[in-house]
Amino acid sequence: ERQEQFFVRAAFMEIYNEQLRDLLNPKAGILHCRWNARNGFFVEDLTVVDCTNPQDLIEVLHEGVRNRRTGSHDLNAESSRSHSILTVYVISQVTTEEGHILKRYGKISFVDLAGSERLKETHSSGGMIKETGNINKSLFTLGKVISCLSSKKKIAGGHIPYRDSKLTMLLMDSLGGTSKALMIACVSPSLVYIDETLSTLNYATRTMNIKNKPVVQMDPKEQIIFNLRRE
């Protein structure tokens, strides 16, 4: 009989004006996005905490929300000025009958996107103008990536503009990798915002058309050993 254990860890960050900030350790300052062959894009020196029960994870969420950048304009008294990503890492550890330890790795990314804005409606001023520009730019880039991934005419090996923004870099494995992507769209029933509602629904529809094939994530060496044992 296999003995299986699960370990859960979490990290919470925001992308503010195309800069990465640790929501669990705001004093860390601006963090950097790196890439390597094993992990893909990742945030260097991001705080990752162990969660031994559901309450630990809820506290991570609350702490991050308290530290997130918000602002007020004519359409929203508490407008998000950044995109946030809460990442939950799940590690499954199995001890086989032979005593060999086999680990499987999973990751769930909860992404809260700041909404696109029109300055003529929000009447933003000062630093919020720059914030709006960066929010809209990253959402536009995300839209391009989603369009490329969902296109039926997509050519194998074709260029996907992940590197055009921090947001798409960090969502590369979620959107075009070996995982599932789910988008929840927030829309308004008001006719005043019909254009925004249709745009959001079209955005979400393109996301639905992305076809990925999830696979079990294992350490390459352990995968080789596992395959040999199966043979």
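That block above? That's the structure.
Predicted model only: the values in this text are computed from it and were never measured.

Caption draft 1: Inspection of the overall build of the protein at higher detail. For the protein, the count of helices and strands is seven helices and 11 strands. Contacts in the protein between residues far apart in sequence, at least 24 positions, make up 63% of those at least 6 positions apart. As displayed, the protein offers around 14800 Å² of accessible surface, 55% of which is attributable to carbon and sulfur atoms.

Caption draft 2: Highlighting the side chain of threonine 207. When you line up the elements, threonine 207 lands in helix H6 (residues 194–208). A relative accessible area of 6% places threonine 207 in the buried class. Of the polar contacts made by the side chain of threonine 207, one reaches the backbone oxygen of tyrosine 203; its length is 3.2 Å.

Caption draft 3: Inspection of the packing of aromatic side chains at higher detail. One pass over the structure, following the stated rule, counts zero aromatic pairs. Above the plane of the ring of tyrosine 16 lies arginine 69, whose end atom (NZ or CZ) is 4.4 Å from the centre.

Caption draft 4: Looking closely at empty space enclosed by the protein. Per the stated rule, a full pass over the model turns up one cavity of 30 Å³ or more. For the largest cavity, the calculated volume is near 40 Å³. Along its surface, the largest cavity is lined by Ile15, Tyr16, Asn17, Glu18, Arg81, Ser82, His83, Asn134, Ile135 and Ser138. Looking at the lining of the largest cavity, the elements with two or more residues in it are strand S1 (3–16) and helix H3 (127–150). It is H3 that contributes the most residues to the lining of the largest cavity, three residues altogether. When the residues that make up the lining of the largest cavity are grouped by side-chain class, the tally is three nonpolar, five polar and two charged.

Caption draft 5: Looking closely at the pattern of salt bridges. Applying the stated criterion across every chain yields a total of seven salt bridges. Where aspartate 50 meets arginine 9, a salt bridge forms, and the shortest distance between an N and an O atom there is 2.9 Å. Of this pair, aspartate 50 sits in strand S6 (residues 49–51) while arginine 9 is found in strand S1, placing the two residues 41 residues apart along the sequence. For aspartate 50, a relative accessible area of 55% corresponds to the exposed category. Note that arginine 68 is salt-bridged to aspartate 112, the shortest N-O span being 2.5 Å. In this pair, arginine 68 sits in the loop between helix H1 (54–67) and strand S7 (70–73) while aspartate 112 sits in strand S10 (residues 101–112), placing the two residues 44 residues apart along the sequence.

Caption draft 6: Main features of the pairing of S1. Pairing of S1 with strand S9 (residues 83–95), which is carried by 13 bridges, proceeds in the antiparallel orientation. Bridging across to S9, glutamate 14 finds its partner in serine 84. For S1 and S6, the ladder comprises three bridges, and the chain directions are antiparallel. Paired with valine 8 across the two strands is cysteine 51, which belongs to S6. For S1 and strand S2 (residues 19–22), the ladder comprises four bridges, and the chain directions are antiparallel. The residue bridging methionine 13 from the neighbouring strand is aspartate 22, located in S2.

Caption draft 7: Expanded view of a nonpolar patch on the surface. A cluster of nonpolar residues, Val187, Ile194, Leu198 and Leu201, forms a patch on the protein surface that exposes about 320 Å² of accessible area. By the element assignment, leucine 198 lies in helix H6. Since its relative accessible area comes to 46%, leucine 198 is described here as partly exposed.

Caption draft 8: A look at the environment of asparagine 134. Tracing the chain through its elements places asparagine 134 in helix H3. Sequence separation between asparagine 134 and glutamate 18 is 116 residues; the distance between their C-alpha atoms is 6.7 Å. If near-sequence neighbours (up to four positions away) are discounted, asparagine 134 is found in contact with Asn17 and Glu18.

Caption draft 9: Broad picture of H6. When the terminal C-alpha atoms of H6 are compared, their 21 Å separation across 15 residues agrees well with the 21 Å that a helix rising 1.5 Å per residue should span. Turning to H6, its buried residues are Thr197, Tyr203, Ala204 and Thr207. When H6 is viewed along its axis, its buried side chains cluster within an angular range of 125° and face the same direction.

Analysis parameters
Within each chain, residue numbers correspond to sequence positions counted from 1 in written order. Note on the predicted model: pLDDT of at least 70 is required for a residue's local features to be given, and 80 or more for side-chain atom pairs to be given and counted; whole-chain, interface and lining totals, by contrast, use all residues. Excluding hydrogens and water, the side-chain figures rest on all heavy atoms present in the structure. Put simply, DSSP H or I for four residues or longer makes a helix, DSSP E for two residues or longer makes a strand, and each gets a number counted from the N terminus. Two residues qualify as a contact provided that any one of their heavy atoms is within 4.5 Å of a heavy atom in the partner residue. The accessible surface values rely on the Shrake-Rupley method and a 1.4 Å probe; as for residues, cover is taken only from the protein chains in view. Throughout this description, buried means an accessible area under 20% of the type-specific maximum (1.4 Å probe, protein chains only), exposed means over 50%, and partly exposed covers the range between. Definition of a polar contact: a pair of N or O atoms within 3.5 Å, with one able to donate and the other able to accept a hydrogen when the atoms are protein atoms, and with sequence-neighbouring residues admitted only if both atoms are side-chain atoms. Only Phe, Tyr and Trp rings are paired, with Trp represented by its six-membered ring, and only when their centres lie within 6.5 Å; those with planes under 30 degrees apart are stacked, over 60 edge-to-face, the remainder tilted. For a Lys NZ or an Arg CZ to count as sitting over a ring, it must be within 6 Å of the ring centre and within 35 degrees of the ring normal. Grid spacing is 1 Å over the protein atoms alone, the probe is 1.4 Å, and a cavity is where that probe fits but cannot get out, while a pocket is an open set with protein on both sides within 12 Å along at least five of seven lines and lining residues have an atom within 4 Å of a point. Grid points are joined across faces, edges and corners, and a volume is the space filled by probe spheres set on the points. Ten residue types, Ala, Val, Leu, Ile, Met, Phe, Trp, Tyr, Cys and Pro, are classed as nonpolar, four, Asp, Glu, Lys and Arg, as charged, and the remainder, Gly among them, as polar. The salt bridge definition used is simple: a Lys or Arg side-chain nitrogen within 4 Å of an Asp or Glu carboxyl oxygen. A pair of strands is labelled paired if DSSP reports no fewer than 2 bridges between them. A patch is a set of surface residues, each over 30% in relative accessible area and not in a salt bridge, joined within 9 Å for like charges and within 5 Å for the nonpolar side chains Val, Leu, Ile, Met, Phe, Trp and Tyr. Given a helix with a known number of residues, its expected span is that number minus one, times 1.5 Å. Picture the helix axis, draw a direction to every C-beta atom, and the arc is the one those directions span.

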